Amino acid sequence: MGKPTGFLEYKREAPSKLDPLERVKNWQEFQIMMPEDKLQEQGARCMDCAIPFCQAGTSMVGSDEIGCPVYNLIPEWNDLVYRGKWQEALTRLHKTNNFPEFTGRVCPAPCEGSCTVAINDDPVTIKSIEYHIVEKGFKEGWISAEPPKTRTGKKVAVIGSGPAGLAAAQQLNRAGHTVTVFEKDDRIGGLLAYGIPEVKLENETITRRTDIMEEEGIEFRTSIDVGKDITSEQLDEEYDSVILCTGAQNHRDVPAEGRGLKGIHYAMDFLRGNTKSLLDSNLEDGRYISAKDKHVIVIGGGDTGVDCITTSLRHNCASLTQFDINKEKGDDRPEDNPWPLYPLVYKQEDGHKEAAALQGEDPRAYKVMTKKFVGNEKGQVKEIHTVEVETVFEDGKKVRHEVPGTERVWKADLVLLAVGFTGPEQELLEQMEIERTERSTVNAEYGSYVTNHENVFAAGDNRRGQSLVVWAIHEGREAARECDRFLMGTTNLQ
């Protein structure tokens, strides 16, 4: 490392963000770029740790993860930033990550939890350094179209334009194959475009990259629902191979009494409608679920729930509460969550901070389980009845025990269900006769990514289950490599 004592000399400094009370007035991103000299200091904090767990990209106990799933060469580009060699840092960053402008914005940064400095100090600001490297690359014009010099004559269809599909498409195009990406929505990006609020990932950031991909020769076809508008037989006739990157969009429900009342919606329907209306008309067409002047309850404690908070606050909701069925995390790691696993500790996301600034307190309510929804005479939800629960493990499974005397009634005009997904939509998979697992995900082995059809591959959430954007990029790259190997007998893709 360029400065072996950097982690001793400099403290962690994260980029500044606009004040919560100001940023909730609009839909713009609110992270402020750091001065380059400050970023170089942060790069200097990357220590000569010998074994960089930050880039391990693996799992240990259950789903606990260590480091970066795309194996980002983090110590290398941290050192290059410290030395002021930004273009070289960008080259090393792009070697493993097709879209650092996405992960630098929306990834929860498991790499930082596995940083060696984090054993007894604050971790290196890996995510913000990644973000600044790629943004400087675009600003300086270092990122431009790189079409392949020759074509193989092979044609590949990529179904889905989320992070897995985009990564697979770019890799296969670089190998010289002719790639067509099919997207059922009217905009490219999948989850990136309509599942993540504009304040976290602006659509211009997506189109900036996909415009370059089009220049490189990739064809994007939007508003085409494969399986309906194009049959699997047509895919077989026209393409040499297919990669399924359709995501996991089957919603998990909350099957409580009164679920059919008006005003209860899946989180993704709420988020998708808002972003589409925002991009189409700046919300003037009214074709979205509005939280304005409503008492909003978000059921689910994950990132999607936070996105619902972020959006509802910008609608000027009357109040907002987020139910989390789990207990509140502590400031220190639990005994069964040692370094270098991703730290399961208390933290406030940006949406929580915004809600606290507007309402005077954190919006989360812990250990809350919904018992029933109650409506008015018009069939509109008006309240939620809940009970506190204790979560224990019995025979290796989570069991929720209700706590007597903790029943409560919450006022609610709008309820958003953000409790995850159960797997991919099945219609296309059934039409293509794709084998599935017990979890209804595509049965494609990790490492080969091939389905029960030798020319059909799967990547991302439809194979792995609901996961992170960075895992989707990893899977897209890996599936592209195996697809290239199938088409050509060998591969140079990494």
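Residues numbered from 1 in each chain as written. Predicted model: local features only at pLDDT ≥ 70, side-chain atom pairs only at ≥ 80, totals over all residues. Heavy atoms only, no water.

## So, the overall build of the protein chain
From N to C terminus, the protein chain includes 18 helices and 18 strands. Since a compact globule built from 494 residues should have a radius of gyration of about 23 Å, the 23 Å found for the protein chain is in line with a globular shape. For the protein chain, the proportion of its 494 residues judged to be buried stands at 51%. Charge separation in the protein chain, taken as the distance between the mean sites of 60 positive and 82 negative side-chain charges, equals 2 Å. (Helix = DSSP H or I, 4+ residues; strand = E, 2+ residues; numbered from the N terminus. Rg over C-alpha atoms; globule rule 2.2 N^0.38 Å. Buried < 20%, exposed > 50% of the residue type's maximum accessible area, 1.4 Å probe, protein only. Lys, Arg positive; Asp, Glu negative; His and termini not counted. Charge placed at Lys NZ, Arg CZ, Asp CG, Glu CD.)

## Topic: the UniProt feature "domain: FAD/NAD(P)-binding" (unreviewed entry) in the protein chain
Within the UniProt annotation, "domain: FAD/NAD(P)-binding" (unreviewed entry) is assigned to residues 154–476. Secondary structure content for residues 154–476 is 28% helix and 24% strand, and the end C-alpha separation is 18 Å. (UniProt positions renumbered as here; feature names shortened; annotations may be inferred.)

## Let's talk about the sheet that holds strand β10 (residues 319–324)
Sheet strands pair via backbone hydrogen bonds, and the direction of the pair is either parallel or antiparallel. Strand order in the open sheet formed by five strands is β8-β16-β9-β10-β11, with parallel pairing between adjacent strands. If you trace the sheet from one side to the other, it starts and ends with β8 (264–266) and β11 (364–366), each paired once. Pairwise comparison of adjacent strand axes, ignoring direction, gives a mean angle of 25 degrees for this sheet. Note: strand β9 (residues 295–299) against β10, five bridges, orientation parallel. Across the sheet, V298 pairs through a bridge with Q322, a residue of β10. Sheet strands touched by helix α13 (residues 267–281): β8 and β16 (414–417). Its angle to β8, the strand with the most contacts, is close to 80 degrees. Helix-sheet contacts for helix α14 (residues 303–314) involve β9, β10 and β16, and the interaxial angle to β10 is about 175 degrees. (Pairing = 2+ DSSP bridges. Axes fitted to C-alpha atoms, helices over the stretch in contact; angles between N-to-C directions. Contact = heavy atoms within 4.5 Å.)

## Quick look at the packing of aromatic side chains
Applying the stated criterion across every chain yields a total of six aromatic pairs. The ring of W86 has K136 lying over it, and the distance from NZ or CZ to the ring centre is 5.8 Å. Just above the ring of W410 sits the side chain of R408; from NZ or CZ to the centre is 3.6 Å. (Phe/Tyr/Trp six-rings, centres within 6.5 Å; stacked < 30°, edge-to-face > 60°. Lys NZ or Arg CZ within 6 Å of the ring centre and 35° of its normal.)

## So, the pairing of β16
One face of the sheet, then the other: side chains in a regular strand alternate in exactly this way. Residues L414 and L416 line one face of β16 and the alternating positions V415 and L417 line the opposite face, and both faces are buried. In the sheet, β8 pairs with β16 via three bridges, with the strands oriented parallel. Its bridge partner being in β16, H265 is matched across the sheet by L416. Judged from the four bridges that link them, β9 and β16 form a sheet pairing that is parallel. Paired with V296 across the two strands is L414, which belongs to β16.

## Quick look at the state of the cysteines
Under the definition given, this model contains zero disulfides. Not engaged in a disulfide, the cysteine C111 finds its nearest cysteine sulfur in C68; these two sulfurs lie 6.0 Å apart. Free cysteine C483: the closest other cysteine sulfur is in C245, separated by 10 Å. (Disulfide = S-S within 2.5 Å.)

## Concerning the sheet that holds strand β3 (residues 155–159)
Taken in spatial order, the five strands of this open sheet run β5-β4-β3-β6-β18, and their pairing is parallel. Strands at the two margins of the open sheet, each flanked by one partner only, are β5 (219–221) and β18 (456–458). Each neighbouring strand pair of the sheet contributes to a mean axis angle of 20 degrees, computed without reference to strand direction. Its contacts with the sheet put helix α18 (residues 469–488) on β3, β6 (241–244) and β18, and the angle it makes with β6 is roughly 165 degrees.

## Thoughts on the side chain of D185
Secondary-structure assignment places D185 in the loop between β4 (178–182) and α10 (191–195). Take D185: its relative accessible area is 16%, and that puts it in the buried class. Reaching out from D185, the side chain makes a polar contact with the side chain of R272 at a distance of 2.6 Å. Residue contacts for D185: discarding those within four places in its chain leaves Y194, T222, S223 and R272. (Polar contact = N/O pair within 3.5 Å; in protein donor to acceptor, adjacent residues only side chain to side chain.)

## Thoughts on unusual backbone geometry
The omega torsion of the bond from W339 to P340 falls at 10 degrees, within 30 degrees of zero and hence cis. A positive phi angle, close to 60 degrees, is found at D293, a residue other than glycine. If you trace the backbone, D293 turns up in the loop between α13 and β9. When its relative accessible area of 52% is taken as the criterion, D293 is described as exposed.

## A look at the nonpolar core
Of all hydrophobic cores here, the largest spans 65 residues; its most connected members are W77, I133, L166, L192 and I243. Per element, the largest residue contribution to this core is eight residues, and it comes from α18. Among all residues touching L166, those that are not within four sequence positions of it are F99, F102, S161, I188, L192, T210, M213 and F220. (Core = buried A, V, L, I, M, F, W, Y, C linked by side-chain atoms within 4.5 Å.)

## Re the environment of E214
Residue position: E214 is located in helix α11 (residues 203–215). Judged by its relative accessible area of 43%, E214 is partly exposed. For the pair E214 and F102, spaced 112 residues apart in the sequence, the C-alpha separation amounts to 18 Å.

## Regarding the domain arrangement of the protein chain
Taken domain by domain, the protein chain consists of domain 1 (5–140), domain 2 (155–249 + 421–488) and domain 3 (253–417). When each unit is reduced to the centre of its C-alpha atoms, the spacing between domain 1 and domain 2 is 27 Å. Opposite the 28 residues of domain 1 that make contact, domain 2 presents 28 residues. Counting the surface lost from both domain 1 and domain 2, the interface buries some 2,400 Å², and carbon and sulfur atoms represent 63% of this. Interface area lost by domain 1 to domain 2 is led by N98, F99 and F102, which between them contribute 27%. On the surface where domain 1 and domain 2 come into contact, there are two salt bridges. Of the charged contacts in the structure, one is a salt bridge between R208 and E135, with a shortest N-O distance of 2.8 Å. (Domains from an automatic or database assignment. Buried area = accessible area lost by both parts, 1.4 Å probe. Salt bridge = Lys/Arg side-chain N within 4 Å of Asp/Glu carboxyl O.)

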